[in-house]
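What the coordinates show
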Amino acid sequence: MRLFPVFGDQLSHDLASLRQLDPGTGDAVVMMEVMEEATYVPHHPRKIALIFSAMRHFAAELEARGVAVCYVPLDAPENAGSFFAEVQRAAAELGAEEIITTWPGEYRVLADLRSWEADLGLPVHILEDDRFLCPHANFERWAEGRKQLRMEFFYRDMRRRTGLLMDGDQPVGEQWNFDADNRRKMPAAETPPAALSFEPDATTQAVLALVQERFAGHFGSLEGFDFPVTRAQALAGLADFIERRLPAFGDFQDAMRRPRGEAGDDTLYHSLLGTSLNLGLLGPMEVCAAAEAAFAAGKAPLNAVEGFIRQIIGWREFVRGIYWLTMPGYADRNTFNADRPLPDFFWTGETDMACVRHAVEQTRDRAYAHHIQRLMVTGNLALIAGLDPAAVNRWYLSVYADAFEWVQLPNTHGMVLHADGGYLGSKPYAASGKYIDRMSDYCKGCRFDVKDSTGPDACPLNALYWHFLMENEDRLAGNPRMGLVYRSLAKFSPERRAELRAKAAATLGEWGIAEDAPSAAGAVLADRQMEPSA
Ligand code: FAD
Ligand code: SF4
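Residues numbered from 1 in each chain as written. Chains lettered and ligands numbered in written order. Predicted model: local features only at pLDDT ≥ 70, side-chain atom pairs only at ≥ 80, totals over all residues. Heavy atoms only, no water.

Bringing the overall build of the protein chain into the picture now. When its secondary structure is counted, the protein chain shows 24 helices and seven strands. A compact globule built from 534 residues would reach a C-alpha radius of gyration of about 24 Å, and the protein chain, at 24 Å, matches this within 12%. Within the protein chain, the proportion of its 534 residues that are buried is 57%. Sequence separation of 24 or more characterises 77% of the internal contacts of the protein chain that already satisfy a separation of 6 or more. Carbon and sulfur atoms provide 50% of the accessible area of the protein chain, an area that totals close to 21200 Å². Averaging the locations of the 54 positively and 74 negatively charged side chains of the protein chain gives two centres separated by 8 Å. (Helix = DSSP H or I, 4+ residues; strand = E, 2+ residues; numbered from the N terminus. Rg over C-alpha atoms; globule rule 2.2 N^0.38 Å. Buried < 20%, exposed > 50% of the residue type's maximum accessible area, 1.4 Å probe, protein only. Contact = heavy atoms within 4.5 Å. Areas by Shrake-Rupley, 256 points an atom, 1.4 Å probe, with all protein chains shown as cover. Lys, Arg positive; Asp, Glu negative; His and termini not counted. Charge placed at Lys NZ, Arg CZ, Asp CG, Glu CD.)

Think of a sheet as strands paired side by side through backbone hydrogen bonds, with each pair either parallel or antiparallel. Pairing is parallel in the open sheet, where five strands are placed in the order β3-β2-β1-β4-β5. Only two strands of the sheet have a single neighbouring strand rather than two, namely β3 (68-72) and β5 (124-127). Across the sheet, the axes of successive neighbouring strands diverge by a mean angle of 25°, strand direction being ignored. In the sheet, strand β4 (residues 98-102) pairs with β5 via four bridges, with the strands oriented parallel. (Pairing = 2+ DSSP bridges. Axes fitted to C-alpha atoms, helices over the stretch in contact; angles between N-to-C directions.)

Looking now at the site of ligand 2. Ligand 2 sits among M353, C355, G433, I436, Y442, C443, C446, F448, V450, C459 and L461. In the shell around ligand 2, the residues fall into 10 nonpolar, one polar and no charged. (Near = heavy atom within 4 Å. Nonpolar A, V, L, I, M, F, W, Y, C, P; charged D, E, K, R; others polar.)

Given a rise of 1.5 Å per residue, 13 residues ought to cover 18 Å, and the 19 Å separating the end C-alpha atoms of helix α8 (residues 202-214) matches this to within 8%. Among the residues of α8, T204, V207, L208, L210, V211 and R214 are the ones counted as buried. End-on, the buried residues of α8 take up no more than an arc of 165°, which puts them together on one face. On its buried face, α8 is in contact with α3 (45-64). (Expected span 1.5 Å × (residues − 1). Arc of directions from axis to C-beta.)

Every one of the 29 residues lining ligand 1 counts as a neighbour, but H270, S271, L272, N278 and Y368 are closest to it. At a separation of 2.9 Å, a nitrogen atom of ligand 1 approaches a polar side-chain atom of N411. Burial of ligand 1 by the surrounding chains reaches 99%, relative to a free accessible area of 800 Å². Elements supplying a minimum of two residues to the shell around ligand 1: α11 (274-279), α13 (302-326), α16 (371-384) and α18 (405-416). Looking at the shell around ligand 1, its residues break down into 16 nonpolar, 10 polar and three charged. (Polar contact = N/O pair within 3.5 Å; in protein donor to acceptor, adjacent residues only side chain to side chain.)

As a further point, take helix α23 (residues 494-510). The terminal C-alpha atoms of α23, which comprises 17 residues, lie 24 Å apart, in line with the 24 Å expected from a rise of 1.5 Å per residue. If you check which residues of α23 are buried, you get R497, L500, K503, A504, T507 and L508. In an axial view of α23, the angular spread of the buried residues amounts to 135°, which keeps them on one side of the axis. For α23, the exposed residues set more than 90 degrees away from the buried face come down to P494, E495 and E510. Packing partners of the buried residues in α23 comprise α20 (460-471), α21 (473-476) and α22 (483-490).

Within the element layout of this structure, I322 appears in helix α13. Separated by 71 residues in the primary sequence, I322 and N393 have C-alpha atoms spaced 16 Å apart. Dropping the residues within four chain positions of it, I322 is found in contact with F139, L149, Y330, Y423 and L424.

To continue, consider the pairing of β4. Across the five residues of β4, four count as buried, placing the element largely inside the fold. Two elements, strand β1 (residues 2-5) and β4, share two bridges in a ladder whose sense is parallel. By the bridge assignment, L3 is partnered in β4 with I99.

Here the focus is the nonpolar core. V29, M31, L246, F318 and L381 are the most contacted members of the largest nonpolar core, which totals 149 residues. In this structure, V29 is in contact with L3, F4, V6, L18, L21, L62, V67, A68, V69 and C70, ignoring residues within four places of it in sequence. F7, M32, V72 and F84 belong to the second-largest nonpolar core, a separate cluster that totals 20 residues. (Core = buried A, V, L, I, M, F, W, Y, C linked by side-chain atoms within 4.5 Å.)

Let's shift gears to the packing of aromatic side chains. Counted according to the given criterion, the structure contains 27 aromatic pairs. With a centroid separation of 5.3 Å and an interplanar angle of 85°, the aromatic rings of F336 and F468 are classed as edge-to-face. One end of the pair, F336, is in the loop between α13 and α14 (345-348); the other, F468, is in helix α20, and 132 residues separate them in sequence. Neither F336 nor F468 differs from the other in exposure class; each is buried. (Phe/Tyr/Trp six-rings, centres within 6.5 Å; stacked < 30°, edge-to-face > 60°.)

Okay, unusual backbone geometry next. Cis geometry marks the peptide bond from M327 to P328, where omega comes out at 10°. Mapped onto the fold, P328 is located in the loop between α13 and α14. For N337, which is not a glycine, the phi torsion comes out positive at approximately 50°. By the element assignment, N337 lies in the loop between α13 and α14.

Turning our eyes to something else, we now look at the packing of α16 against helix α17 (residues 389-399). Interhelical geometry of α16 versus α17 gives an angle of 150° and a closest axis separation of 11 Å. Between α16 and α17, the crossing angle belongs to the class labelled roughly antiparallel. As α16 packs across α17, the resulting crossing turns out to be right-handed. Residues R374, T378, G379 and A382 of α16 pack against V392, W395 and Y396 of α17. Taken together, the residues of the contact of α16 with α17 sort by class into four nonpolar, two polar and one charged. (Parallel < 35°, antiparallel > 145°, perpendicular 65-115°, else oblique. Left-handed = near helix turned anticlockwise from the far one by under 90°.)

Let's shift gears to the pattern of salt bridges. All chains considered together, the criterion is met by 29 salt bridges. As a salt-bridge pair, E106 and R108 come within 3.1 Å of each other at their nearest N and O atoms. Residue classification places E106 among the buried positions, given a relative accessible area of 6%. Here R108 falls in the partly exposed class, since its relative accessible area comes to 29%. Look at the salt bridges and you will find they share partners, linking D179, R183, D254, E306 and R310 into a network. (Salt bridge = Lys/Arg side-chain N within 4 Å of Asp/Glu carboxyl O.)

Okay, here's the thing in structure tokens:
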């Protein structure tokens, strides 16, 4: 008898381990909702509900196909709370002689799996997760000998390997990258269509009630839960994106907008496919093929389709490669020695900064913020305020429904915080309020003045930006991509520098994070969020 553990982000019928399963021979799948996984960081309740609901639907689909499934709900009296304990119990009850599973999404889980063979006294096979397009060995070969890894070169290899948007060995449109066309601010008259909404069925409703009862103390709301939880729903979400949002995805990829009470405000032209891709309800190649087909049919322009495909076969595969290449050490790097705790508004949204308030409130309400909010609003603030990478990583891993460490960590630690010293990206994306003003209408509705840096109503991001550059001048001034900003800084008088430092210090003081010690309220909140409510 062979036992096949399937984890919550492995909900693909063509999963490597499930391809080995033979329903006629007594093989069985075990799927587990365990407290250890739901609480090792205080995950957003919407994320927990999404994963449990999608797991329950997937288990039902397997059973309908004649597969024996041992499903352990969170509230089963016998649930011992960890993957290992549940696999051990299932293996003993079913008389398993062998365990077959697929490479998990987090190093922490892989380390656990690697100890099972000795602890269970059974052979444990961990198969490569070939739902990703770039196998570990290929990435290692590509990275070998390179001091810094650059996504653009990896992406070109991936285009050649997949044949997506290729004309022989040349890129369609004679350019690999159309990013320069993808930086439009959104005009006021533009009204992005709302993404498809999926009404919770009885299975999802039962999960929502369970999550409400057990995780009410975690940051985030369950109200209006509408994530796709089955492959059929995920496919409907994909079709909706391709038809209604992909055509403008490129133009407004970097845009942000303050909420105006319209349904598409929070999502703009983004795909919302992240959760379905990361759970395995959709595969990367089918998603890219759908976008390429829209281009071939003249329904979406090249800048949109190339921009979208680059996110999937470029960034998504690239960050995964980096994660597995560098873990476990990657998360410990802290290039700027940043050590300030998160200001309380990361958990409450209570701030007068309109851009940050919207990003946090939306995150609380939907467990979603689009890429530019993550990168240039909360992420940029975390970078220029010198927030502790461990605390920032923990926040990002907790609050987004699509957050799994293989993708969250390189994005946060590398792309946003540059804590890896430039291994992933050539320069930090540090920005003042000017960037947000250029790419959004947030500043019009903000109590702060984006054009001022040191006055009482000055945008707090401006002084923090210059402060960050001054604090890290030794490390960054020699970076050729930072030359322009450091030439501007060189023109500042000592008095101007002192004013900016004083303003930044005052802001950090107001946020309760000028010192290294966590603010009392922040510590209490963080502790409370670790506790399941029942
Ligand atoms: P779209 O904007 O429509 O993009 C399409 C798809 O491309 C996404 O669904 C995703 O699969 C892929 N993609 C886009 N950008 C990236 C990227 N930088 N890295 C990897 N894949 C990408 N993505 C996650 O899936 N999980 C995370 O935990 C996560 N954490 C992030 C943290 C930070 C600080 C930043 C800056 C980015 C993070 N991202 C993460 C990447 C990106 O922001 C999300 O994938 C995207 O916002 C999800 O929304 P969407 O599906 O509407 O994406
Ligand atoms: Fe954000 Fe500053 Fe603009 Fe306010 S003024 S919305 S804080 S960038």
